[in-house]
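Inside the fold
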Amino acid sequence: MAKLKQFFKNVLSEMRKTSWPKRKELSKYTLVVISTLIFMAVFFMLVDLGISKLFRMYLDL
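Calculation criteria
Residues numbered from 1 in each chain as written. Predicted model: local features only at pLDDT ≥ 70, side-chain atom pairs only at ≥ 80, totals over all residues. Heavy atoms only, no water. Patch = residues over 30% accessible without salt bridge, like charges linked within 9 Å, V, L, I, M, F, W, Y side chains within 5 Å. Areas by Shrake-Rupley, 256 points an atom, 1.4 Å probe, with all protein chains shown as cover. Salt bridge = Lys/Arg side-chain N within 4 Å of Asp/Glu carboxyl O. Helix = DSSP H or I, 4+ residues; strand = E, 2+ residues; numbered from the N terminus. UniProt positions renumbered as here; feature names shortened; annotations may be inferred. Phe/Tyr/Trp six-rings, centres within 6.5 Å; stacked < 30°, edge-to-face > 60°. Buried < 20%, exposed > 50% of the residue type's maximum accessible area, 1.4 Å probe, protein only.

**Section: a nonpolar patch on the surface**
On the surface, Met1, Leu4, Phe7, Phe8, Val11, Met15 and Trp20 cluster together into a nonpolar patch covering about 800 Å² of accessible area. Along the chain, the position of tryptophan 20 falls in the loop between α1 (2–17) and α2 (23–60).

**Some remarks on the UniProt feature "transmembrane region" (unreviewed entry) in the protein**
Those places that UniProt annotates as "transmembrane region" (unreviewed entry) correspond, in this numbering, to residues 29–51. The span residues 29–51 shows a helical share of 100% and a strand share of 0%, and its end C-alpha atoms are spaced 33 Å apart.

**Section: the packing of aromatic side chains**
Scanning all chains against the criterion turns up 3 aromatic pairs. Taking 6.5 Å as the distance between ring centres and 15 degrees as the angle between the ring planes, the aromatic pair formed by phenylalanine 39 and phenylalanine 43 counts as stacked. Of this pair, phenylalanine 39 and phenylalanine 43 both sit in helix α2, 4 residues apart, roughly one helical turn. Given the relative accessible area of 55%, phenylalanine 39 is considered exposed. Residue phenylalanine 43 is classed as partly exposed on the basis of its relative accessible area, which comes to 40%. Here phenylalanine 43 and phenylalanine 44 contribute two aromatic rings whose centre-to-centre distance is 5.2 Å and whose plane-to-plane angle is 70 degrees, an arrangement assigned as edge-to-face. Put simply, the rings of Phe39, Phe43 and Phe44 pair up and form one aromatic cluster.

Right, dumping it as structure tokens:
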């Protein structure tokens, strides 16, 4: 039990050393994540549509 208590003390100690992002930085990071997510969703949608179109053309032969 003492090891577990020491572990959590160490975790708390390390968490206090962490530098957390400021509000402005966090807003920028959030914008980057959301824009990347939208870009990847559109990209994979277009790839999926293209593959589907090629597959349909192949089946029509």
